[in-house]
Amino acid sequence: MTASEMKNAILHHLVYTLGKDAAHAKTYDWRMALSFAVRDQIVDRWFEATRRTYAEHRKRVYYLSLEFLIGRLLKDAVINMRLEEAVQDALDALKIDWHELLEDEPDAALGNGGLGRLAACFMESQATLGLPAMGYGIRYEHGLFRQSFEDGRQVEEPEDWLSQTHAWEFVRPEVAIDIGFGGHVQEIGSRANWYPSEMLIAMAHDTPVIGWKGRWGNTLRLWESRPMHGFDLARFNRGDYAAAAEPEALARTLSRVLYPDDHTEQGKELRLKQEFFHTAASIRDIIRRFESEYDDLKLLPKKAAIQINDTHPAIAGPELVRILHDERGMDFEEAVGIARNTISYTNHTLLPEALETWGEARMGRLLPRHMQLIDRIDDLHRRETGTGHVNAHQDGKVHMGTLGFIMAHKVNGVAALHTELQKTTVFKDLHELHPDRIVNQTNGVTPRRWLLSCNPRLASLITEGIGDGWVDHAEDLEKIEPLVADPAWLDRYAAAKKANKVDLSNWIAETMEIGVDPDAIFDIQVKRIHEYKRQHLNLLETIAHWQEIRDNPNAGWVPRVKIFGGKAFPNYIYAKDMVRLANDMARVMNSDPLTSRYLKVVFPPNYNVSLAERLIPAADLSEQISTAGKEASGTGNMKLTLNGALTIGTLDGANVEIRELVGAENFFLFGMTAEEVMARRAEAGHAARAIAEDHRLARALEAIRSGIFSPDEPGRYHSITENLSHHDYFMVCSDFTDYWRAQREVDTAFTDPKDWARKAALNTARAGWFSSDRTIRGYMKDIWHTDAAPQVADA
Ligand SMILES: CCc1ccc([C@H](C)CC(=O)N[C@@H]2O[C@H](CO)[C@@H](O)[C@H](O)[C@H]2O)cc1
């Protein structure tokens, strides 16, 4: 598409779709007009892919997830359709600033963190690989809350991405599925009729997901909840206005807001209703599509692969069995077999508090037939395995992890260490019963968004050196290794990083009025705030570092900027205290005349996908410091490695595989292994001993305890200091000394910019394996048994 064609298409949509005259158009109008112009280019490819999938009777993958952390879509679409040049030239001609339009788009923040973002990367990779796939999610009216800071405290505000028209979705009023809750069951022999007492509608909104070079397009279908019966006019006419709107309000509650908790199940009824609403609508839609092409449901596993993203859609098993057995009359055991061969389950966490369980009373009341089927599935599993002690329904609860495992033909972990730990911890018994069911699929990230789009300086340097094959064959990045040996190329590599750091310093100055030195080490920890991720270990080291600089300011300290980003679950007080402590420390340290030129702390609010795209290209050091055995994989670690940040980290999650691939000499390792953590945790007083043995740790804790960072409320962080001194379940104290050692090694290494650049470039060169394209190819081979469609021509 030429620039002038693009210009005309933009002007066409401005006038005829937005109904705006160019003279009066606002940024929003231009962004929407451009989005529609680009969308037009995508729709044809999207339809072509759908048509081919039907025509070639291809097996489809269905990715069921309560979260899709998509971020912005305009730039992604322009880049994947190779329209960047045409768009930029068209906008130049219209005197419209491209970056202003990009910044104007709200993030689609339909997820909490790792799990949701992984789903979004997977959707883009499936489309890039030409794999017929469909994502099923919920169209939350309010995504993850907006975070702001008041006096250093996290404050949450509702996020409202839908207050403006969303350019990238198409509503599907004809795809409206009845969803029931409660009521009673009438059993007829083995089968039953379920008579729900509450009904509402799931309506579909489709977003095209276009792959690299526009060669294939898939659909992300998001469900909105609508009332079965709309506005109650009779009540309104009787003046009972609130009641008149009640059915509408009630029904819409289900897709109103994303639950902001990641890692702690709240067991709230609305959450279970959201999960069933999402999953039942998706399963019904999958069966409808299957039956529109085939008439023998025994074929289902051959033509559909359903992946459940953690336990949140685990009710999919019983719901599929209910439809196959109760509604389609299939024999119960056969129905379970068909369902199991269709479904596979990914586990993303070992944290006990994150493993969902539902009370039998609540499940029985809300989903009476499913509760019965869960018991029959347990019974069948007992007969199949000849054991009685592993049941989904146990001690008055339904364990969704066990249900997900029993009703799946494959269960996967998201990194090699995590997958092995699954076999010895959460799924130990089930693994013994089904030794070949657990497989590993180490996570990945899309190199389109997380390198080509967010780091154009580095991307163009790479493409100039090795061509653009790396964009959809990221393993090709290893071809830059020979260039790393060329000092001139390495200088340009370092210059790209430096320019990104200057951009970020300017943004921090503009938005936070904090001056940071772009030649300092940009040390970044960006992720959800959680004790197991140990932001407080980073804060303690920062305090000890600050104290040492104050003791001896002229000791030739290597300047460091500590950048934090992340949201705390609103009810997670300890995590919110960690956020506030970081802000209190920033206030004191950044204005400390003795130390501020050597050490700054910066905590930009509202960390989300778009802020990650701004921070990650400017990172020198990637903080991946979780307690070994706790972070299932991590994906931020992969994005930072791809963008040339060196990792300081523990042998946890995918850090292990990153270190193996980039080389131990290009990674700052510290801390106990998962086994050592278990052993140390068994030793009483492990924290007190660590504190006694490390004066820096003791002194840093004392600084917090004494109120240096909270003079107006000295006891503000009592919870943190007391917990660390007496419990310290996540081994912050026991890993401190070695962490300090590793951080000082970082300082030393950074004083040799050439060697640092070489290490950084080798991280980029060897990060290709962490592409989500490789991950999806793994799922296709080991779990979904699908192959990609031969590609249509490039965009
Ligand atoms: C029910 C509450 C709840 C909500 C979300 C979750 C997610 C599983 C948490 C999550 O995001 N896990 C992260 O998944 C990433 C993608 O696989 C991994 O890289 C991270 O290590 C893991 O913490 C657990 C429990």
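Residues numbered from 1 in each chain as written. Predicted model: local features only at pLDDT ≥ 70, side-chain atom pairs only at ≥ 80, totals over all residues. Heavy atoms only, no water.

1. Concerning the pairing of strand β12 (residues 304-309)
The two faces of the sheet receive side chains in turn, since in a regular strand these alternate between them.
Part 1 of the argument: For β12, the tally of buried residues reaches 6 of 6 residues, placing the bulk of the element in the interior.
Part 2 of the argument: On β12, burial covers both faces: A304, I306 and I308 on one face and A305, Q307 and N309 on the other are all buried.
Part 3 of the argument: By the bridge criterion, 5 bridges tie strand β1 (residues 60-64) to β12 in an arrangement that is parallel. Counted as the bridge partner of Y63 is Q307 from β12. (Buried < 20%, exposed > 50% of the residue type's maximum accessible area, 1.4 Å probe, protein only. Helix = DSSP H or I, 4+ residues; strand = E, 2+ residues; numbered from the N terminus. Pairing = 2+ DSSP bridges.)

2. Description of the domain arrangement of the protein
Part 1 of the argument: Annotation of the protein at the domain level lists domain 1 (57-72 + 107-443 + 778-784) and domain 2 (500-768).
Part 2 of the argument: Using C-alpha coordinates to define each centre, domain 1 is positioned 35 Å away from domain 2.
Part 3 of the argument: For the pairing of domain 1 and domain 2, the buried interface totals around 3000 Å² over both sides, and the portion due to carbon and sulfur atoms is 57%.
Part 4 of the argument: For the domain 1 face of the interface with domain 2, the top three residues by lost area are Q147, F149 and L417, together amounting to 18%.
Part 5 of the argument: At the junction of domain 1 and domain 2, the tally comes to 2 salt bridges.
Part 6 of the argument: In this structure, the connection of domain 1 to domain 2 is made through 15 residue pairs in polar contact (both at pLDDT 80 or more). (Domains from an automatic or database assignment. Buried area = accessible area lost by both parts, 1.4 Å probe. Salt bridge = Lys/Arg side-chain N within 4 Å of Asp/Glu carboxyl O. Polar contact = N/O pair within 3.5 Å; in protein donor to acceptor, adjacent residues only side chain to side chain.)

3. Some points on the UniProt feature "modified residue: N6-(pyridoxal phosphate)lysine" (unreviewed entry) in the protein
Part 1 of the argument: As recorded in UniProt, the sites labelled "modified residue: N6-(pyridoxal phosphate)lysine" (unreviewed entry) are K639.
Part 2 of the argument: When neighbours within four sequence positions are excluded, K639 is seen to be in contact with R117, V445, W450 and I616. (UniProt positions renumbered as here; feature names shortened; annotations may be inferred. Contact = heavy atoms within 4.5 Å.)

4. Focus on the site of the ligand
Part 1 of the argument: Around the ligand, 21 residues are found, and the nearest of them are H348, N443, E631, S633 and G634.
Part 2 of the argument: Protein contact buries 98% of the 570 Å² of open area that the ligand shows by itself.
Part 3 of the argument: Of the residues belonging to the shell around the ligand, the class tally is 6 nonpolar, 9 polar and 6 charged.
Part 4 of the argument: When residues of the shell around the ligand are assigned to domains, at least three map to each of domain 1 (57-72 + 107-443 + 778-784) and domain 2 (500-768). (Near = heavy atom within 4 Å. Areas by Shrake-Rupley, 256 points an atom, 1.4 Å probe, with all protein chains shown as cover. Nonpolar A, V, L, I, M, F, W, Y, C, P; charged D, E, K, R; others polar.)

5. What about the confidence of the model for the protein?
Reading predicted coordinates in detail is not appropriate for stretches of low pLDDT.
Part 1 of the argument: Taken over all residues, the pLDDT of the protein has a mean of 96, while the share at 70 or more is 99%.
Part 2 of the argument: Across the interface, the model reports ipTM at 0.98; the global pTM reads 0.98. (pLDDT = per-residue confidence, 0-100.)

6. Brief notes about a negative patch on the surface
Part 1 of the argument: Together, E85, D89, D92, D97 and E100 give the surface a local cluster of negative charge.
Part 2 of the argument: For the negative patch, the element with the most residues is helix α4 (residues 84-94), which contributes 3 residues.
Part 3 of the argument: Mapped onto the secondary structure, E85 falls in helix α4. (Patch = residues over 30% accessible without salt bridge, like charges linked within 9 Å, V, L, I, M, F, W, Y side chains within 5 Å. Lys, Arg positive; Asp, Glu negative; His and termini not counted. Charge placed at Lys NZ, Arg CZ, Asp CG, Glu CD.)

7. Some words on the packing of helix α19 (residues 456-466) against helix α21 (residues 487-512)
Part 1 of the argument: Contact geometry for α19 and α21: axes closest at 9 Å, N-to-C directions at 160°. Regarding the angle of α19 to α21, the classification is roughly antiparallel. Crossing hand, α19 versus α21: right-handed. Packed against α19, whose contacting residues are R457, L458, L461 and E464, the element α21 presents W489, R492, Y493, A496, A499, N500 and D503 at the interface. (Axes fitted to C-alpha atoms, helices over the stretch in contact; angles between N-to-C directions. Parallel < 35°, antiparallel > 145°, perpendicular 65-115°, else oblique. Left-handed = near helix turned anticlockwise from the far one by under 90°.)

8. Quick word on helix α8 (residues 241-252)
Part 1 of the argument: Here α8 spans 17 Å end to end across 12 residues, near enough to the 16 Å set by a 1.5 Å rise per residue.
Part 2 of the argument: Residues A243, A244 and A251 constitute the buried set of α8. Down the axis, α8 shows its buried residues gathered within 130° of arc, on one side only. Exposed side chains of α8 directed beyond 90 degrees from the buried face belong to Y241 and A242. (Expected span 1.5 Å × (residues − 1). Arc of directions from axis to C-beta.)

9. What about the environment of D375?
Part 1 of the argument: Here D375 shows up in helix α14 (residues 368-385).
Part 2 of the argument: Since its relative accessible area comes to 30%, D375 is described here as partly exposed.
Part 3 of the argument: When the C-alpha positions of D375 and I720 are compared, they lie 43 Å apart, and in sequence the two are 345 residues distant.

10. Some words on the packing of helix α11 (residues 316-327) against α14
Part 1 of the argument: It is at 10 Å that the axes of α11 and α14 come closest, and there the two elements cross at 95°. For the element pair α11 / α14, the angle class is roughly perpendicular. The residues of α14 that touch α11, namely those facing P318, E319, V321, R322, H325 and D326, are R369, H370, L373, I374, R376 and I377.
Part 2 of the argument: For the contact of α11 with α14, the class distribution of residues is 5 nonpolar, 2 polar and 5 charged.

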